[in-house]
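Observations on the model geometry
One letter stands for each residue in the lines below.
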Amino acid sequence: MRKTMTGLVAGVGLMWACGTSAQAQELTIFWAEWDPANYLQELANEYEAETGVKVTVETTPWADFQTKAFTEFNAKGSAYDLVVGDSQWIGAASEAGHYVDLTEFFTKHNLTQVMAPATVKYYSEYPANSKKYWSIPAEGDAVGWSYRKDWFEDPKEMEAFKAKYGYDLAPPKTWAEMRDIAEFFHRPDQKRYGIAIYTDNSYDGLVMGVENAIFSFGGELGDYQNYKVDGIINSEKNVKALELYRELYGFTPPGWAKSFFVENNQAITENLAAMSMNYFAFFPALVNEASNPNAKVTGFFANPAGPNGEQFAALGGQGISIISYSKNQEEAMKFLEWFIKDETQKRWAELGGYTASAKVLESPEFQNATPYNKAFYETMFKVKDFWATPEYAELLIQMNQRIYPFVTAGQGTAKEALDALAADWNATFKKYGRNK
Amino acid sequence: MATAVMTSLDTKSRAASRGMSDIRIRNLFIIPTILFLIVFNIFPLIYSLGYSFTDFRASSNAAARFVGLQNYRELLNDPFIWSNFAITAKYVIVSVTGQVIVGFGTAMLLNRDIPLKGLLTTLLLLPMMLSMAVVGLFWKLLYDPSFGIINYTLGLGSFEWLSNPDVALYAVAITDIWMWSPFVMLLSLAGLSAVPKHLYEAAAIDRAGPFYTFFRITLPLVAPILMIAIIFRTMEAFKTFDLAYILTSQPTTEVISIRLYKMAFQEWQTGRSCALAYIVLIMILAITNIYVKYLNKVKER
């Protein structure tokens, strides 16, 4: 009897031990539903082949991504081990203790040098300039532009454009040129329109679109160090940038007031617009003839410069973080160690993911791999981002509330909209004790 | 009294003969239901009431701090919230009025002897059987200024329904009217079929005109059931979320439930959103009470 009991206990113990070990051989990464998540799953399959650790990339539609991720964080759930979270989340997630502090990991692997500086600053570091890091830059992304090469290179169009504007028709180098080109191609009677820009105000679409103009006009959203916004968000530069964005809205296809990445790709695939704003991560669909009948005549360019020659773009993309409630943190750390290796980053880029590795980005191999990679490389070294403070969602909604009526309906003036936004943001920062 | 006792005994003995005593029925059905209601309805209701007096944020690990009536005070002084309430009120009025007119009108037409009446009634009920999300996406296509069939049929060119801040709310209301008029129609049909025929015959003998017959016979007799439809539809329209959220993102269509959703699940202002939910609940209760009082008056007439 005693032997039987000992055997039973030993058996249960062995099963428990095996169970734990088997559990540690699996990792789940949570991300939004889009092509890069599929590329990451392919990369993860290679990790499994190499190490035997199964990595599953679980996805959810973009509309639910933030809600679902934070619901899981708030419940301290261990369903996911890693998350490829939006850059704006980093303040909220790190201050609430949802993310594992990766500062030591960052220092050990010298990631501030390995990754493109802007990606480290916006995807990983919080608070700004604190040298505390919460994620590894994973999917680099920024806003760029696609355009209809065949429309631009049509001799008749070129001649007419030159006659009207006095310079050659070519991908715009400045926002002023972009406005001229949009106006030139805007022909509602032919169901052809000048430009497709972001207007959707349910999350960060419109704000990112406007940021492209603001940053390139030399403007800023505020001082991220001391939360000062007066005279910055409502500066003369920002007013001019917002006015131009409103003007561009006049050259968009009809019904363009709730448009984001899907619609902006459709503007090119369905012959609607001459130029279209979108994240680089959505450009693979535009070079694929199966999804874009105009693939052969679609070109790409980086966000143009503002009136003073400054050229920046709104940051997209995400960093990958370990969730504090994961039971497999050690295993997750090993995955990240593998993920940051040069050869993995190279492979990540080959699969279609946007590496943030400076070395890979700078390589001619990467820059010549697609028609838009060069523009992507140029952009990733001059990107800026929205506030990453824990109350970023309130700031985002306030910005949407103030600028949307002006951009899409011409209500009020740009100055009024931005003055009101400055007041809203001041009140929010005061509420959370940021600007004393 | 004796009859009542007998009946009660009979019921008891019948239940007992089937092997189900009153106590067993209570234990098997009533207690679990009450427990379910307490756990999933009453407890969260009280819990969220508690949160509405705190600055709790579900996204942070910080403990909830009691702030008294601050959330309520701030919400009631927030011009954006009042604007959301005004939009909701406008939407409720337009949508419910439209549904009553279309639904009751259709019921009047169907209350006649027409061929294929049953099939027609069933077909007209189809919109309310669809899911809100499907209806929203379907109407988004119909309203499309480039290839939508509405502009094509009405010859409106590239008229913008959902991108025009002045029109978007009406576009959402039209969709809601299309979807829910059949509900009003169904209830109205039930009311109309219950109107005694002899009243119309008497009116015909007295040579009463259609106007007089409608306002003196039809409407008063159908009014109580129509009021019930209005109460249901008002409550639903007040809570509307899906249609407005899917169809458009205009500030002029941001009804109070969309604001509440954003506050709770995008901004993670949990305490504040609980307070807003209570304000909405109180408003719905107040409106419903007014309706019920009016309904009782109509019934008394």
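Source: prediction; values computed, not measured. (Residues numbered from 1 in each chain as written. Chains lettered and ligands numbered in written order. Predicted model: local features only at pLDDT ≥ 70, side-chain atom pairs only at ≥ 80, totals over all residues. Heavy atoms only, no water.)

1. Describing the overall build of chain B
Scanning chain B for helices and strands turns up 13 helices and 0 strands. A compact globule built from 301 residues should have a C-alpha radius of gyration of about 19 Å, whereas chain B, at 25 Å, is more than 25% larger. With 301 residues in all, chain B has 41% of them scored as buried. Taking the intrachain contacts of chain B between residues at least 6 apart in sequence as the baseline, contacts between residues at least 24 apart amount to 68%. Carbon together with sulfur atoms contributes 71% to the accessible area of chain B, which is approximately 17100 Å² in total. Taking the average location of the 24 positive side-chain charges in chain B and that of its 17 negative ones, the two points are 8 Å from each other. (Helix = DSSP H or I, 4+ residues; strand = E, 2+ residues; numbered from the N terminus. Rg over C-alpha atoms; globule rule 2.2 N^0.38 Å. Buried < 20%, exposed > 50% of the residue type's maximum accessible area, 1.4 Å probe, protein only. Contact = heavy atoms within 4.5 Å. Areas by Shrake-Rupley, 256 points an atom, 1.4 Å probe, with all protein chains shown as cover. Lys, Arg positive; Asp, Glu negative; His and termini not counted. Charge placed at Lys NZ, Arg CZ, Asp CG, Glu CD.)

2. Considerations on the UniProt feature "domain: ABC transmembrane type-1" (unreviewed entry) in chain B
UniProt marks residues 85-291 of chain B with the feature "domain: ABC transmembrane type-1" (unreviewed entry), using the numbering shown here. Note that residues 85-291 of chain B is 75% helix and 0% strand, and that its end C-alpha atoms are spaced 19 Å apart. (UniProt positions renumbered as here; feature names shortened; annotations may be inferred.)

3. Focus: the pattern of salt bridges
This model, assessed by the stated rule, comprises 31 salt bridges over all chains. A salt bridge links Glu-289 of chain A to Lys-296 of chain A; the nearest nitrogen and oxygen atoms lie 3.9 Å apart. Classification of Lys-296 of chain A by relative accessible area gives exposed; the value is 65%. A salt bridge links Asp-176 of chain B to Arg-233 of chain B, with the nearest nitrogen and oxygen atoms 3.7 Å apart. Taken together, the residues span a long stretch of sequence, with Asp-176 of chain B in helix H8 (residues 168-193) and Arg-233 of chain B in helix H10 (residues 210-238) at a distance of 57 residues. Residue Asp-176 of chain B shares its accessibility class with Arg-233 of chain B, and that shared class is buried. Beyond isolated ion pairs, a larger network of salt bridges with shared partners links Arg-179, Asp-180, Glu-183 and Glu-247 of chain A. (Salt bridge = Lys/Arg side-chain N within 4 Å of Asp/Glu carboxyl O.)

4. Comments concerning the packing of helix H12 (residues 236-249) of chain A against helix H20 (residues 392-409) of chain A
All names here are of chain A. At their nearest, the axes of H12 and H20 sit 8 Å apart, and the two run at 45° to each other. Overall, the two elements H12 and H20 adopt an arrangement that is oblique. Residues Leu-242, Glu-243, Tyr-245, Arg-246 and Tyr-249 of H12 form the contact with H20, whose participating residues are Ile-403, Phe-406, Val-407, Thr-408 and Ala-409. Tallied by class, the residues present in the contact of H12 with H20 amount to 7 nonpolar, 1 polar and 2 charged. (Axes fitted to C-alpha atoms, helices over the stretch in contact; angles between N-to-C directions. Parallel < 35°, antiparallel > 145°, perpendicular 65-115°, else oblique. Nonpolar A, V, L, I, M, F, W, Y, C, P; charged D, E, K, R; others polar.)

5. Notes on the sheet that holds strand S6 (residues 193-196) of chain A
All names here are of chain A. Across the sheet, which stays open at both edges, the 4 strands sit in the order S6-S7-S5-S8 with mixed pairing between neighbours. Whereas interior strands pair on both sides, the edge strands pair on one side only; in this sheet they are S6 and strand S8 (298-301). Taking the axes of each pair of neighbouring strands and ignoring which way they run, one obtains an average angle of 20° across the sheet. For S6 and strand S7 (residues 273-279), the ladder comprises 3 bridges, and the chain directions are parallel. Paired with Tyr-193 across the strands is Ala-273, a residue of S7. Contacts from helix H13 (residues 261-269) reach strand S5 (143-148), S6, S7 and S8, with the element oriented near 150° to S7. (Pairing = 2+ DSSP bridges.)

6. Topic: the side chain of Ser-188 of chain B
All names here are of chain B. Among the secondary structure elements, Ser-188 is positioned in helix H8. For Ser-188, the side chain forms a polar contact with the main-chain oxygen of Val-184, separated by 2.7 Å. Other than its neighbours up to four places away in sequence, Ser-188 contacts Phe-104, Ala-107, Val-222 and Leu-226. (Polar contact = N/O pair within 3.5 Å; in protein donor to acceptor, adjacent residues only side chain to side chain.)

7. Points about the confidence of the model for chain A
Residue-level pLDDT values for chain A average 92, and 94% of them are 70 or greater. The low-confidence segment residues 14-23 of chain A, where pLDDT is below 50, has 1 contact with residues more than four positions distant or belonging to other chains. (pLDDT = per-residue confidence, 0-100.)

8. Details of the nonpolar core
Grouped together as the largest cluster of nonpolar side chains are 153 residues, with contacts concentrated most on Phe-335 and Trp-425 of chain A. With 9 residues, the top contributor of residues to this core is H20 of chain A. Those residues in contact with Trp-425 of chain A that lie beyond four places of it in its chain are Leu-221, Val-229, Ile-233, Phe-386, Trp-387, Leu-395, Gln-398 and Met-399 of chain A. Listed in part, the 58 residues of the second largest apolar core include Val-172, Ala-229, Leu-243 and Ala-244 of chain B. (Core = buried A, V, L, I, M, F, W, Y, C linked by side-chain atoms within 4.5 Å.)

9. Concerning the sheet that holds strand S10 (residues 318-322) of chain A
Residue and element names in this part refer to chain A. What the 5 strands build is an open sheet, ordered S2-S1-S3-S10-S4; its pairing is mixed. Since the sheet does not close on itself, it has two edges, and those belong to strand S2 (54-60) and strand S4 (136-139), each with one partner. Direction aside, the axes of adjacent strands within the sheet are offset by 30° on average. As defined by bridge partners, S4 adjoins S10 across 3 bridges and the pair is classed as antiparallel. Its bridge partner being in S10, Glu-139 is matched across the sheet by Gln-318.

10. What to know about the interface of chain B and chain A
Chain B puts 29 residues into the contact, and the matching count from chain A is 33 residues. Between chain B and chain A lies a buried interface of about 2500 Å² when both sides are counted; carbon and sulfur atoms form 47% of it. If you sort the residues of chain B by the area they bury against chain A, Asn-61, Phe-80 and Ser-249 of chain B come out on top, with a joint share of 22%. Our count for the chain B to chain A interface comes out at 1 salt bridge. Across the pair Glu-394 of chain A and Arg-57 of chain B runs a salt bridge whose closest N-O atoms are separated by 2.9 Å. In this structure, the connection of chain B to chain A is made through 10 residue pairs in polar contact (both at pLDDT 80 or more). When residues in the side of chain B that touches chain A are grouped by element, the largest group, 5 residues, is from helix H12 (residues 256-266) of chain B. Its residues placed into classes, the side of chain B that touches chain A shows 11 nonpolar, 11 polar and 7 charged. (Buried area = accessible area lost by both parts, 1.4 Å probe.)

11. Comments concerning the environment of Lys-149 of chain A
All names here are of chain A. Mapped onto the elements of the fold, Lys-149 is located in helix H8 (residues 149-152). The sequence separation of Lys-149 and Pro-171 amounts to 22 residues, and the corresponding C-alpha distance is 8.8 Å. Apart from the residues lying within four places of it in its own chain, the contact partners of Lys-149 are Lys-296, Val-297, Thr-298 and Gly-299.

12. Regarding helix H21 (residues 414-431) of chain A
Residues and elements named next belong to chain A. Here H21 is 18 residues long and its end C-alpha atoms lie 26 Å apart, about the 26 Å a rise of 1.5 Å per residue gives. Within H21, burial applies to Ala-414, Ala-417, Leu-418, Ala-420, Leu-421, Ala-422, Asp-424, Trp-425, Asn-426, Thr-428 and Phe-429. The inward-facing, buried residues of H21 abut H12 and H20. Phi turns positive one or two residues past the end of H21, at Gly-433, with a value near 65°. (Expected span 1.5 Å × (residues − 1).)

13. A closer look at the confidence of the model for chain B
All names here are of chain B. Summarising the model, chain B shows a mean pLDDT of 90, and 94% of its residues fall at 70 or more. Segment residues 1-6: pLDDT under 50, and 0 contacts once partners within four positions in sequence are set aside and those in other chains are kept. Scored as a whole, the predicted complex attains pTM 0.83, and scored at its interfaces, ipTM 0.75.

14. A few points about the environment of Thr-88 of chain B
Residues and elements named next belong to chain B. With respect to the element layout, Thr-88 can be found in helix H4 (residues 79-110). C-alpha separation for the pair Thr-88 and Thr-218, spaced 130 residues apart in sequence, amounts to 31 Å. Contacts of Thr-88, omitting those with residues within four sequence positions, involve Phe-238, Val-255 and Ile-256. Within the structure, the side chain of Thr-88 is placed 2.9 Å from the backbone nitrogen of Ile-256, a separation counted as a polar contact.

15. Things to note about unusual backbone geometry
At the junction of Tyr-126 of chain A and Pro-127 of chain A, the peptide bond is cis and its omega measures out at -10° in the coordinates. Residue position: Pro-127 of chain A is located in the loop between helix H7 (117-124) and S4. For Leu-116 of chain B, which is not a glycine, the phi torsion comes out positive at approximately 55°. Looking at where Leu-116 of chain B falls in the secondary structure, it is placed in the loop between H4 and helix H5 (117-125).

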